[in-house]
Structures are given as C-alpha cells and as structure tokens.
Amino acid sequence: MTETLHTSPENARQADPFPVKGMDAVVFAVGNAKQAAHYYSTAFGMKLVAYSGPENGSRETASYVLTNGAARFVFTSVIKPSTEWGTFLADHVAQHGDGVVDLAIEVPDARAAYAYAVEHGARGITEPHEVKDENGTVVLAAIATYGKTRHTLVERSGYDGPYLPGFSAASPIVEPPAKRTFQAIDHCVGNVELGRMNEWVGFYNKVMGFTNMKEFVGDDIATEYSALMSKVVADGTLKVKFPINELKPSRRRSRRSTSTWSSTAARASSTSRSPRTTSSPRSARCAPPVCSSWTPRTRTTTPSANGLARPGCRSRPCAS
C-alpha cells in the first residue's frame, strides 16, 4: 500500500480554493422510495426526518430523507416524469436499477464554488439559484462528474428547515435505536472506465482543488483472478473523500480468458447438432444435449432399468 499525504489539513484550510463543509447528502434514484426508506430505517437504524411528495405539492417525485449522525441519505422515486430531472431519474432506474445519482457537497458559498469549478473545466448542470420557504433560503448549483453522477453544491447557512425547501418534517418510520449507528459518511467510491482513473483524479485536483490522499497500486488490491487500482482524493480538511477505482489486469487474466473461451467454444461445438428425429420415445430421450455422446451410425446398446436394451446410446451409462 502506498500512502501519500500532500498537505496537512491546517495548511490546506488556509489556502483552499474550493472550501467545503462536508458531505451534504447521498441521493439515490430508486424504484420504490418508501420501501427503501423502511429498509434503511429497520436494517441500519436511520431516522426519517423529511418527506416530499404528492401530499405536499410534488407531483413528479416522492423523496424520503433519512439521517443518522451526520450521514444523510435521500431516496427518490419518480411518480410521473414531467421535467428533465424526473425523466433522468426514471431512465436511470430503468437502465441501472437503484443507485446513487448525486453526491451533494455542502459548501460555504455555492456561487463561488460553482464559478471556480466551471472555470477549471467542470461541466455545469445547474447554475446557482436560490430556493426559499418559511424556514429560510438555500443556494443550489450542480456540476457533472464521472458517468451520470453529479455533485450538487449546497449552501444552507441561511436555512433551518428539515432538509430543503419543498420538504416537510416527517416522523420516524420505526422507533430509532437509542444510540446512533452511523457517525458520518467516510468516503464515496467512484468506479470509472478502464484507463481513466488518472483522468478523473486529475479532474478533482483541478476542478475542486482536492489533493491525493492515498494510492492503492500494484498488488495492494489483487487476487489471482481479479485486481483493481485506486487513488483517493480529498478536500483540504479531509471531510470529503472520493476513492477513484479502475480495473487492473490480474496475474492470470490472459490464461483464464483463453481457457474460458476455449471451453465455451468446445461446449458450443459439441451441442450444436440438431437432435435426431425418431418415433421411438426411448431413443428421443437420448438425443443431445441430454446424452451428448449420440452417434446416429452406431447401434450399440446399454441395459435400461427394466433390463431391456435401449437403442441409440453408446455402451457407457446414459445421462437420461
């Protein structure tokens, strides 16, 4: 294992071009948000704190916000897509199943963070804007990262509601445990395309001013048949950490791939013949692929369970 700390949190905090306060929320697109909320409440001891859906004005989506310690998960399902965001969520679930679509980061100044990121190469998705309700004002912006994932930049210092405007406080689904089960979100992993790990590490270095915290290379994460490489980027305070992973050739990958291909091809060849057509039920049962040793020109026999000869099979026992 190779570990590299390029800067101390104290020094980084003083000259951080992209200051952050921590992870704001991990947002999941799911097929059934209510079911997911129930599962994380009962299995992980999380507590439902906020809700947005048809009952309080959201006709497109239903979202449940759960917390435990400083960790916050948001589960969102699409009721009927009517905007680009709703269509994206519905398509994401249809193509990938339940999964994370947004790693939201709390920042002290969303406008400045967005401007810095776009200026240094990020693709902007949503420009900074204010959303308000009786609990105050939140400034939101969003940038794109690997795959279809985004980072929403959240400035909530002027807001004291349960989550965001449009969400109402909600009662727990089940009685939460006496002690919290989570303290905070330690890190969020991004698995990227083969050969692009360094590209995305450079993205966070340049776009967010993150530094390289750790590296797992060589045989750090490897077995005989599988391996990966990983580099961890983090903000100056080490509150937000993103390991970026990519696959790495294993020690026996080439030989195993060739062997697997050969055996697959051999099986395909041995079973590619059409079954022999016959009026005999007993002969039909011995047709491939059940009895792969079928040879139409060989009329050897083998005893059956009732002592009668069964035509069409070699002398070794028949699988049927």
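Refer to the structure presented above.
Residues numbered from 1 in each chain as written. Predicted model: local features only at pLDDT ≥ 70, side-chain atom pairs only at ≥ 80, totals over all residues. Heavy atoms only, no water.

> Provide a residue-level description of the overall build of the protein, including the pertinent values.
Counting secondary structure elements, the protein contains seven helices and 16 strands. Within the protein, the proportion of its 320 residues that are buried is 41%. Pairs at least 24 residues apart make up 60% of the contacts formed inside the protein by residues separated by at least 6 positions. A total accessible area of about 17,700 Å² is found for the protein, and carbon and sulfur atoms account for 51% of it. (Helix = DSSP H or I, 4+ residues; strand = E, 2+ residues; numbered from the N terminus. Buried < 20%, exposed > 50% of the residue type's maximum accessible area, 1.4 Å probe, protein only. Contact = heavy atoms within 4.5 Å. Areas by Shrake-Rupley, 256 points an atom, 1.4 Å probe, with all protein chains shown as cover.)

> Explain the packing of aromatic side chains residue by residue, including any values.
Counting across every chain of the model gives 21 aromatic pairs. Residues tryptophan 200 and phenylalanine 203 carry aromatic rings whose centres are separated by 5.2 Å and whose planes lie at 65° to one another, so their mutual orientation is edge-to-face. Taken together, the positions of tryptophan 200 and phenylalanine 203, both in helix α5 (residues 197-207) and three residues apart, correspond to about one turn of that helix. Through a chain of ring-to-ring contacts, three or more aromatic side chains come together here, namely Phe28, Tyr39, Tyr40, Phe44, Phe73, Phe75 and Phe182. If you follow arginine 150 out to its NZ or CZ, it ends over the ring of phenylalanine 88, 5.9 Å from the centre. (Phe/Tyr/Trp six-rings, centres within 6.5 Å; stacked < 30°, edge-to-face > 60°. Lys NZ or Arg CZ within 6 Å of the ring centre and 35° of its normal.)

> Please set out the layout of surface pockets residue by residue, giving values where relevant.
Size it by volume and the largest pocket reaches roughly 890 Å³. Put simply, the parts of the chain that give the lining of the largest pocket at least two residues each are β2 (22-29), β4 (61-68), β5 (71-78), α3 (84-96), β6 (99-106), β7 (124-133), β8 (136-144) and β9 (150-155). By residue class, the composition of the lining of the largest pocket is 16 nonpolar, ten polar and six charged. (1 Å grid on protein atoms, 1.4 Å probe; cavity = no way out; pocket = protein on both sides within 12 Å on 5 of 7 lines; lining within 4 Å. Points joined across faces, edges and corners; volume = space filled by probe spheres on them. Nonpolar A, V, L, I, M, F, W, Y, C, P; charged D, E, K, R; others polar.)

> I'd like a description of the sheet that holds β5, backed by residues and values.
As summarised here, the arrangement of the nine strands in space is β7-β8-β9-β6-β2-β5-β4-β3-β10, forming an open sheet in which the pairing is mixed. A single partner strand is all that each edge strand has here, and the edge strands are β7 and β10 (168-169). Strands β4 and β5 of the sheet are contacted by helix α2 (residues 33-44), whose axis makes an angle of about 10° with β4. (Pairing = 2+ DSSP bridges. Axes fitted to C-alpha atoms, helices over the stretch in contact; angles between N-to-C directions.)

> Can you lay out the environment of phenylalanine 44 for me, pointing to particular residues and giving the numbers?
Assignment of secondary structure puts phenylalanine 44 in helix α2. Accessibility expressed as a relative area gives 33% for phenylalanine 44, which makes it partly exposed. As for phenylalanine 44 and phenylalanine 182, which are separated by 138 residues in sequence, their C-alpha atoms are 8.5 Å apart. Discounting chain neighbours no more than four positions away, the residues touching phenylalanine 44 are Tyr39, Asn68, Thr181 and Phe182.

> Any details on helix α4 (residues 110-119)? Residues and values, ideally.
Buried within α4 we find Ala110, Ala113, Tyr114, Tyr116 and Ala117. Relative to the axis of α4, the buried residues are bounded by an arc of 165° and lie together on one face. For α4, the secondary structure elements touched by its buried residues are β7, β8, β9 and α5. For α4, the capping residue at the N-terminal end is aspartate 109, with a side-chain oxygen 3.2 Å from the backbone nitrogen of arginine 111. Immediately downstream of α4, the backbone of glycine 121 shows phi near 115°, a positive value. (Arc of directions from axis to C-beta. Polar contact = N/O pair within 3.5 Å; in protein donor to acceptor, adjacent residues only side chain to side chain.)

> Describe in detail the pairing of β5, supporting the description with residues and values.
Successive residues of a regular strand alternate their side chains across the two faces of the sheet. Where burial is concerned, most of β5 is hidden: seven out of the eight residues are buried. As paired strands, β2 and β5 are joined by four bridges and run parallel to one another. Of the residues in β5, the one forming a bridge with phenylalanine 28 is phenylalanine 75. Two successive antiparallel strands, β4 and β5, enclose a turn made up of two residues, where glycine 69 displays a positive phi of approximately 60°.

> Break down the nonpolar core for me, with residues and values.
Counting residues in each nonpolar core, the largest one holds 49 residues, and the members touching the most others are Phe18, Met23, Phe75, Tyr204, Phe242 and Ile244. Core analysis: the next-biggest nonpolar cluster, separate from the first, contains 18 residues, Val74, Val101, Val154 and Tyr163 among them. (Core = buried A, V, L, I, M, F, W, Y, C linked by side-chain atoms within 4.5 Å.)

> So, unusual backbone geometry: which residues are in play, and what are the values?
Peptide bonds are trans in most cases, and residues, glycine excluded, mostly fall at negative phi. Phi is positive for leucine 238, which is not a glycine, with a value near 65°. The topology assignment puts leucine 238 in the loop between β13 (228-234) and β14 (241-247).

> Report on α5, specifying residues and quantitative values.
When α5 is considered as a whole, its buried residues turn out to be Met197, Trp200, Val201, Phe203, Tyr204 and Val207. Projected down its long axis, α5 shows its buried positions confined to an angular sector of 150°, all on one face. Of the surrounding secondary structure, the elements contacted by the buried residues of α5 are α4, β8, β9, β12 (211-216), β13 and β14. At the C-terminal side of α5, glycine 209 shows a positive phi close to 70°.

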